[in-house]
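# Notes for the structure review
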Amino acid sequence: MMISNPLFKEFILPELQTQCRFLQYPLYHLDGAEQIRHLDDLLSIPELRAIQWTQVAGQPPCMQYLPELKRIQAAGKNLVILVEPKQVEVLLENLSSRGLLLVTTVPTVEDAEALLRQAEKLTHD
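The sections below set out a description of the structure shown in this document. Keep in mind that what you see is a predicted model, and the values were worked out from it rather than measured.

Criteria and cut-off values
- Residues numbered from 1 in each chain as written.
- Predicted model: local features only at pLDDT ≥ 70, side-chain atom pairs only at ≥ 80, totals over all residues.
- Heavy atoms only, no water.
- Helix = DSSP H or I, 4+ residues; strand = E, 2+ residues; numbered from the N terminus.
- Expected span 1.5 Å × (residues − 1).
- Bend = angle between axes of the 7 residues up to and from the residue.
- Buried < 20%, exposed > 50% of the residue type's maximum accessible area, 1.4 Å probe, protein only.
- Contact = heavy atoms within 4.5 Å.
- Pairing = 2+ DSSP bridges.
- Axes fitted to C-alpha atoms, helices over the stretch in contact; angles between N-to-C directions.

The subject of this paragraph is helix α1 (residues 5-22). End to end, α1 covers 24 Å across 18 residues, agreeing with the expected 26 Å (1.5 Å per residue, within 8%). Along α1, the sharpest kink reaches roughly 45°, centred on I12 and followed within four residues by the proline P14. Listing the buried residues of α1 in full gives N5, F8, L13, L16 and C20. Turning to α1, the residues buried within the fold contact β1 (27-31) and α2 (39-43).

Next comes the structure, spelled out in structure tokens:
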């Protein structure tokens, strides 16, 4: 997050490529909107299987980044997003369910079952 894109390309990208070739299921934890400047480089790593999008306090919710989330999926990467329950509907309406993992919590089993029923209706692919 705190490195320029030229320095990312020089020092970080080669190491990430090496790690991704070594690991069976490499996942990159994209922590905040500041890392969007590195997204094209991350998506260029063929062995990178998934990107975890993290909503950072003080930044807009993930729904504000639908173009970037769609780019991740278009590049063939799986997507892991930690979301609030109220965000599930918008994300499922706008993203492919293929390779999508939405992680959320609700206070009761009944709420969880209701959210699952809603998700089943919205899931496509």
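Having seen the structure, we can now continue with the description.
This next bit is on the sheet that holds β1. Read across the sheet, 4 strands follow the order β1-β2-β3-β4 without closing on themselves; strand pairing throughout is parallel. Two strands bound the open sheet, and with one partner strand each, they are β1 and β4 (100-103). Across the sheet, the mean angle separating the axes of adjacent strands is 15° when strand polarity is ignored. As defined by bridge partners, strand β2 (residues 50-54) adjoins strand β3 (residues 78-82) across 4 bridges and the pair is classed as parallel. Among the inter-strand pairings, A50 is bridged to a residue of β3, identified as N78. Along the sheet face, helix α3 (residues 66-74) touches β2, β3 and β4 and points at about 145° away from the line of β3.

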